Amino acid sequence: MSSHTDLPVRVRFAPSPTGPMHIGGVRTALFNWLFARHHGGTFILRIEDTDQKRFDPDALRLITDGLRWVGLDWDEGPEVGGEYGPYIQSERLQQYQHWANWLVDQGQAYRCYCSPERLDALHKQQESGQERRGYDRRCRDLTPEQRDQLHHENGGKYVIRFKMPIEGSTTVHDLLRGDITFDNDQLQDLVLLKTDGYPTYHLANVVDDHFMKISHILRAEEWIPTAPIHKNLYDGFGWEPPHFAHLPVILNPSGKGKLSKRTVGFREGGQQIPVRLDEFEAGGYVPEAIINFLTNIGWSFGDNREVFSVQETIENFDLSRVNPAGGKFPIEKLEWLNGVYIRDMDPVRLAQLLKPILENAGYEVNVDMLLRAIPLIRERIKVLPDVIGIGGLFFADDFTPPARDMLIQKGMDAPRTKTALEESLAALEALPDFNAASQEAVIRPLAEKLGLKMGQLLGTLRAATTAQEVSPPLFETMDVLGREKSLARIRQAMAVVSE
RNA sequence: GCCCCCAUCGUCUAGAGGACCAGGACGUGGCCCUUUCAAGGCUAAGACUGGAGUUCGAAUCUCCAUGGGGGCACCA
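So, how was this worked out
- Residues numbered from 1 in each chain as written.
- Chains lettered and ligands numbered in written order.
- Predicted model: local features only at pLDDT ≥ 70, side-chain atom pairs only at ≥ 80, totals over all residues.
- Heavy atoms only, no water.
- Near = heavy atom within 4 Å.
- Polar contact = N/O pair within 3.5 Å; in protein donor to acceptor, adjacent residues only side chain to side chain.
- 1 Å grid on protein atoms, 1.4 Å probe; cavity = no way out; pocket = protein on both sides within 12 Å on 5 of 7 lines; lining within 4 Å.
- Points joined across faces, edges and corners; volume = space filled by probe spheres on them.
- Helix = DSSP H or I, 4+ residues; strand = E, 2+ residues; numbered from the N terminus.
- Nonpolar A, V, L, I, M, F, W, Y, C, P; charged D, E, K, R; others polar.

Draft legend 1. Broad picture of the protein's contact with RNA strand B. Looking at RNA strand B, there are 63 residues lining it, with Lys194, Thr195, Glu379, Arg380 and Ser471 nearest. Of all RNA strand B atoms lying within 4 Å of any protein atom, the proportion belonging to sugar or phosphate reaches 67%. Measuring from a base nitrogen of RNA strand B, one finds a side-chain N or O atom of glutamate 306 at 2.9 Å. Within the contact set of RNA strand B, a base oxygen lies 2.7 Å away from a side-chain nitrogen or oxygen of lysine 333.

Draft legend 2. Summary view of the layout of surface pockets. Put simply, the largest pocket is a space of about 1100 Å³. Those elements that provide at least two residues to the lining of the largest pocket are β1 (10-13), α1 (23-38), α6 (201-211) and β8 (216-220). Considering only enclosed or pocket space, the second largest pocket measures out at about 420 Å³ in volume. As for the second largest pocket, its lining consists of 19 residues, of which Ile214, Glu240, Pro241, Pro242 and His243 are closest to the centre. Going through the elements one at a time, β5 (169-174), α6, α7 (227-237) and β9 (243-247) are the ones with two or more residues in the lining of the second largest pocket. Broken down by element, the lining of the second largest pocket gets its largest block of residues, three residues, from β5. Looking at the lining of the second largest pocket residue by residue, the classes come out as nine nonpolar, five polar and five charged.

Draft legend 3. Seen up close, unusual backbone geometry. A cis amide bond links glycine 85 to the next residue, proline 86, at an omega of -5°. Structurally, proline 86 can be placed in the loop between α2 (59-69) and α3 (93-105). Even without glycine at this site, lysine 213 takes up a positive phi of about 55°. Residue position: lysine 213 is located in the loop between α6 and β8. In this structure, alanine 467 takes a positive phi of about 55° despite not being glycine.

Have a look at this one:
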């Protein structure tokens, strides 16, 4: 065990409840979870609802449902409790207020009376010129008289800002990248406590990570610039900071920038790709494929394998195999992997997943028949909804026969097609046992007798019984369909060709 | 504008100084199988961003350039 895991491993996934789960968030959660499970540690879910403006009351449920759907269970957090709770930040406000004021008392933080309007004006001015961005520290060194005056002018409203060191530099150790050093004059006097009494992310994060005894912070790369800020906060409190590792971001597959729900990615051809976890679910991706896929972005198994179970991933997971470089979202690979998992899935479970999709498409689903059809259709399905196009034929009660063009194969005409159908019908009707093997035994010789190529005869029959250009093989299809339906469809086809 | 991170086939990646004329996977092309479509098997094309160093030796170390990404809120 490496030195950074000497302490009990406690990691957290700390989403903000502002909307649906994003696939990038799922990846962050997954890596935390894998790390915890590998080290026999604790995986904590913490809800960072400190922004009242962006709060979405549905988001908590979307997060917990999403995590459960992909199989990421948490040991402490909402719904499960734990001894370091509460795990929802809005229920911990006194904590943050206490520690913000503690810093003020220590002279490490100060009350700032600058209005949002003044700050806006300041930022606008900075953006148009060459000046340094950020707060100008106007309230950092006020005299008691100035402070009293501003306090009155503002009706007692203020925020608490941290006194960032101005000189020197701050070095943060990242487990994936080594030391990262920032000049302190680049750091801001960030707000710790807002006017409404809520903490900012920075304060809440540091206080909670400390009191929840978080050992490792595994978060996305976009947080690197806040690491020195947090380091200084830990120093200010006199607390030992956790270990940091910043995970690479997932980039848009074709567009620019990171994959986000705000800049949705588009595949070649303008097709939209899923970004939110519920979109993946609706799109017919299965959880184990999504998990396997996500582990292959930014991490690799160690040998040349691409397909492996969650259990194997847990056994193998190691931060040293995380690739610090960000990468694009390889959606084609997920489609392939999804197909792999569908082909490998327990038929009963696959049937459970497929049934509602077929029903939503208007089919009445007989589960026995679905179970028998699954071996025929599963290897033709990449995403679950593909079942409609490839397997709907088994459940069509009022079957619509194919058009003449589909029935009449290459090199054939209507009369010959009609003859072929009639002869086939007669041969099939005479079968005492209607199964794939017996059908094949009479149809194959029939092709020769009629002077047709195998592809022509079978093509016509396949069109007749499936009405699909693409379908499972003929004999197995008729076998599952049964004598009655198969023969009825051939008769329907004869009528079409006779017209 | 300033700061930070990253850099191997189209894409996801293996590679932690000699084992690399760089391996795997997806995708793409070809062939085989074949009643369509898949699945499967075989196969082909395809990359170390550039330049200086260090070294007997560099995809691997250092620096610079370039490119890509992230950040600079009373959002997280």
